[in-house]
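Close look at the chain arrangement
Here is how the chains run, residue by residue.
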Amino acid sequence: MFKRLILLGAVSGVLAGIAAIVYQKVYTSSTGADFSSIAKPVNIIVVCTLANILASLGYALLLKWLPRAAEIVFNFVFVILTFASILGPFAAKLPLTIEAPELFPGLTVPMHFFPVLAWFTLKPLFIKK
Amino acid sequence: MQILNLQKTNLTNMKKLIFSIATLLAFTAVFAFTFVQSWQITDKYNIQFSSNDVGGIFKTFKGSIVFDEANPAASKFDVTIDVASINTGNGLQNKHAKSDEWFDAAKYPEIKYTSKKIVKTGAGYQVTGDLQMHGVTKEVSFPFVFKKTGAGATFNGSFAINRSDFHIGKPGGEVAEQIKIDVAVPVTKG
């Protein structure tokens, strides 16, 4: 179970990262705002993967401590943390050489939801009741 | 009689010569006074502001610079900054800075500086002029240095202004009253 959870975290994280990079390409080509020097593809993949592995670890711990309520508690915590994380892009202070910092949240806020979406989407494939 | 005529001719010639020299001197003086090098601002300028809490740049800066190291009294700066070009590095802060609480970019789209006097100082020069910002005009003096680099040159200067003097933002609050301005303007001969 634990190994499958870690695998879920890693796979969903990498897929979320790939989706985020694809979204970044689409965003850059449609708005002309290039933030690739700040949101680097490698960093996106690494952060998404670490976030989802961490989520899997948290889920494993909750299953151990609160077997009955683990599912609901984990879902709430993961989603609330995801929503809270979107404050980061709004508060970020970019280098002054970046032309349009106004467009930065438009790129990064949706990206923050990719890991949680990927984790929940792939969970039934890895964890069967 | 002949001698008298010769003396008259000499006197007339002398007068003509003196008049010619005087005209030449006057013309040279006027020319020397009016011919002061004008400079074109390149796009590598940097207009930066900073305080304890906020900092940023203005991306659009234009105007005319007429400056002669040997004749600073005849030099003149007439420059403007586009307020809407402010960049603090944060989109929300940019929007806030342009709002009526701060610069009110819609009502006062430009910051204007017109020099009135430029004098040589020990280390460089001192310019005194009118700074027009947020509908308020105040006399501001600041030191600057002029450094020639090949075919061009760079003006560098720093000074501080009190934002409350220009009614920018509410007095007090998190943003300091004193805002430091750093100006670096590379120019080429115009």
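Residues numbered from 1 in each chain as written. Chains lettered and ligands numbered in written order. Predicted model: local features only at pLDDT ≥ 70, side-chain atom pairs only at ≥ 80, totals over all residues.

Remarks on the overall build of chain B
When you go through chain B residue by residue, the secondary structure sums to two helices and 11 strands. Beginning at the N terminus, the succession of helices and strands in chain B can be written as α-β-β-β-β-β-β-α-β-β-β-β-β. For chain B, buried positions account for 23% of its 190 residues. At a minimum sequence separation of 6, the contacts of chain B that also span at least 24 residues come to 53%. (Helix = DSSP H or I, 4+ residues; strand = E, 2+ residues; numbered from the N terminus. Buried ≥ 20, exposed ≤ 12 C-beta atoms within 10 Å, placed from the backbone. Contact = placed C-beta atoms within 7 Å.)

Description of the overall build of chain A
Secondary structure summary: chain A contains five helices and zero strands in total. Mapped in sequence order, the helices and strands of chain A form the string α-α-α-α-α. Taken over 129 residues, chain A has a buried fraction of 28%. Residue pairs in contact within chain A that sit at least 24 positions apart in sequence constitute 78% of those at least 6 positions apart.

Some remarks on the nonpolar core
If you look at the biggest cluster of nonpolar residues, it comprises 28 residues, and the most contacted ones within it are B:Val83 and B:Phe103. Mapped onto this core, the elements with two or more residues apiece are strand 5 (76-82), strand 7 (110-120), strand 8 (125-133), strand 9 (136-149) and strand 11 (178-189) of chain B. Aside from chain neighbours lying at most four places away, what touches B:Phe103 is B:Val83, B:Ile86, B:Ala97, B:Lys98, B:Tyr108, B:His134 and B:Ile168. Grouped together as the second largest cluster of nonpolar side chains are 22 residues, A:Ala20, A:Ile21, A:Met111 and A:Phe114 included. (Core = buried A, V, L, I, M, F, W, Y, C linked by C-beta atoms within 7 Å.)

Details of the interface of chain B and chain A
Of the residues lining the interface, eight residues belong to chain B; the matching set on chain A comes to 11 residues. Of all the secondary structure elements, the ones that give two or more residues to the side of chain B that touches chain A are strand 3 (55-58) and helix 2 (91-98) of chain B. Ranked by residues supplied to the side of chain B that touches chain A, first place goes to helix 2 of chain B with three residues. For the side of chain B that touches chain A, the per-class residue count stands at two nonpolar, six polar and no charged. (Nonpolar A, V, L, I, M, F, W, Y, C, P; charged D, E, K, R; others polar.)

Quick notes on the pairing of strand 7 of chain B
Residue and element names in this part refer to chain B. Bridge count between strand 5 and strand 7: five bridges; the pairing is antiparallel. Each bridged residue has a counterpart across the sheet, and for Asp 82 the counterpart in strand 7 is Glu 110. Where strand 7 and strand 8 come together, eight bridges link them in antiparallel fashion. Bridging across to strand 8, Val 119 finds its partner in Gln 126. Counting the residues that bridge the hairpin from strand 7 to strand 8 gives four residues. (Pairing = 2+ DSSP bridges.)

A look at unusual backbone geometry
Phi angles above zero are rare outside glycine, and B:Asp104 is one such case at about 50°. Position of B:Asp104 relative to the elements: it lies in the loop between helix 2 and strand 7.

Some details on the confidence of the model for chain B
Residue and element names in this part refer to chain B. With 83% of its residues at a pLDDT of 70 or more, chain B shows a mean pLDDT of 87. Segment residues 28-33: pLDDT under 50, and one contact once partners within four positions in sequence are set aside and those in other chains are kept. Across the interface, the model reports ipTM at 0.79; the global pTM reads 0.78. (pLDDT = per-residue confidence, 0-100.)

Structural notes on the packing of helix 3 (residues 70-85) of chain A against helix 5 (residues 104-126) of chain A
Residue and element names in this part refer to chain A. Here helix 3 crosses helix 5 at 165°, and the two axes come no closer than 9 Å. Viewed along their axes, helix 3 and helix 5 adopt a mutual orientation that is roughly antiparallel. Relative to helix 5, the crossing made by helix 3 is right-handed. Here Phe 78, Val 79, Thr 82 and Ser 85 of helix 3 come into contact with helix 5, specifically with His 112, Phe 113 and Val 116. When the residues that make up the contact of helix 3 with helix 5 are grouped by side-chain class, the tally is four nonpolar, three polar and no charged. (Axes fitted to C-alpha atoms, helices over the stretch in contact; angles between N-to-C directions. Parallel < 35°, antiparallel > 145°, perpendicular 65-115°, else oblique. Left-handed = near helix turned anticlockwise from the far one by under 90°.)

So, the packing of helix 1 (residues 2-31) of chain A against helix 2 (residues 41-65) of chain A
Residue and element names in this part refer to chain A. Running from N to C, helix 1 and helix 2 cross one another at 150°; their axes reach a closest spacing of 7 Å. Viewed along their axes, helix 1 and helix 2 adopt a mutual orientation that is roughly antiparallel. Seen along the crossing, helix 1 lies across helix 2 with a hand that is right-handed. Counted by class, the contact of helix 1 with helix 2 contains 19 nonpolar, seven polar and no charged residues.

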